[in-house]
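Close look at the chain arrangement
Listed below are the residues making up each chain.
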Amino acid sequence: MNSNSRGKYRTKQREVILNYLIKNKNRHVTVDEIIDHTKEMGSPVGKTTAYRYIDELEQKGIIRKYTIEKGICACYQYIDEEGKCQNHFHFKCKVCGELYHLDCSFLNTVKNHLCDNHGFEIDSSKTVFYGTCKKCLKKLGGKNGRKKRKTKWTIWISTRRK
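Residues numbered from 1 in each chain as written. Predicted model: local features only at pLDDT ≥ 70, side-chain atom pairs only at ≥ 80, totals over all residues. Heavy atoms only, no water.

1. Description of the sheet that holds strand β6 (residues 99–102)
One open sheet holds the 3 strands; their spatial order is β6-β5-β7, and the pairing between them is mixed. Taken across any chain shown, the strands that pair with only one partner, and hence form the sheet edges, are β6 and β7 (128–131). Ignoring strand direction, the axes of neighbouring strands in this sheet form an average angle of 30 degrees. Pairing of strand β5 (residues 89–93) with β6 involves 4 bridges; the strand directions are antiparallel. Note that in β6 the partner of F91 across the bridge is Y100. (Pairing = 2+ DSSP bridges. Helix = DSSP H or I, 4+ residues; strand = E, 2+ residues; numbered from the N terminus. Axes fitted to C-alpha atoms, helices over the stretch in contact; angles between N-to-C directions.)

2. A word on the pairing of strand β4 (residues 75–78)
Residues C75 and Q77 line one face of β4 and the alternating positions Y76 and Y78 line the opposite face, and both faces are buried. When strand β3 (residues 63–66) meets β4, the two strands line up antiparallel, connected through 4 bridges. The residue bridging I63 from the neighbouring strand is Y78, located in β4. (Buried < 20%, exposed > 50% of the residue type's maximum accessible area, 1.4 Å probe, protein only.)

3. Structural notes on the packing of helix α1 (residues 12–23) against helix α2 (residues 31–40)
Put simply, α1 and α2 touch, their axes get as near as 10 Å, and they point 120 degrees apart. Judged by the angle between their axes, α1 and α2 are oblique. The chirality of how α1 crosses α2 is right-handed. The residues of α2 that touch α1, namely those facing V16, I17, Y20 and L21, are E33, I34, H37 and T38. Across the contact of α1 with α2, the residue classes break down as 5 nonpolar, 2 polar and 1 charged. (Parallel < 35°, antiparallel > 145°, perpendicular 65-115°, else oblique. Left-handed = near helix turned anticlockwise from the far one by under 90°. Contact = heavy atoms within 4.5 Å. Nonpolar A, V, L, I, M, F, W, Y, C, P; charged D, E, K, R; others polar.)

4. Topic: the environment of Y51
With respect to the helices and strands, the residue Y51 is situated in helix α3 (residues 47–59). Residue classification places Y51 among the partly exposed positions, given a relative accessible area of 33%. Separated by 19 residues in the primary sequence, Y51 and D32 place their C-alpha atoms 9.9 Å from one another. For Y51, the residues in contact, after removing those within four places along its chain, are V31 and Y76.

Any functional reading would require information beyond the geometric quantities listed.
Structure, rendered in structure tokens:
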């Protein structure tokens, strides 16, 4: 076993976990997915070991933890040097449970407006919109087939003062 500069051992299991997180940096993964991957790679780890290492990576700022819903397992994402995940919102499909990255200039405009005009800064890396994704809408025969509107949308924010 080799030790790294922080005194922790670099085991094959740790390398498999970290490489999996890096390889999947554009999506959120669960500990169960990580454990399944370690089994597929021939270096299985137990749940306690996986959580312990994941917690360590989170504390070091290497990965980010997302707890989307109370009582549902958390998911994790590798933080690349560019910090891309801090610059977009998230969308969770209520039907299939998939979590999407949502890059939307309009939402960034709203975010900036709220900060500039209302003194409220939104942490977009932790903001999740709930709804139904395009694939599930299509399966359900839902609203996905509607034509795009050509009207401009305006969001009104109430700022009542007492």
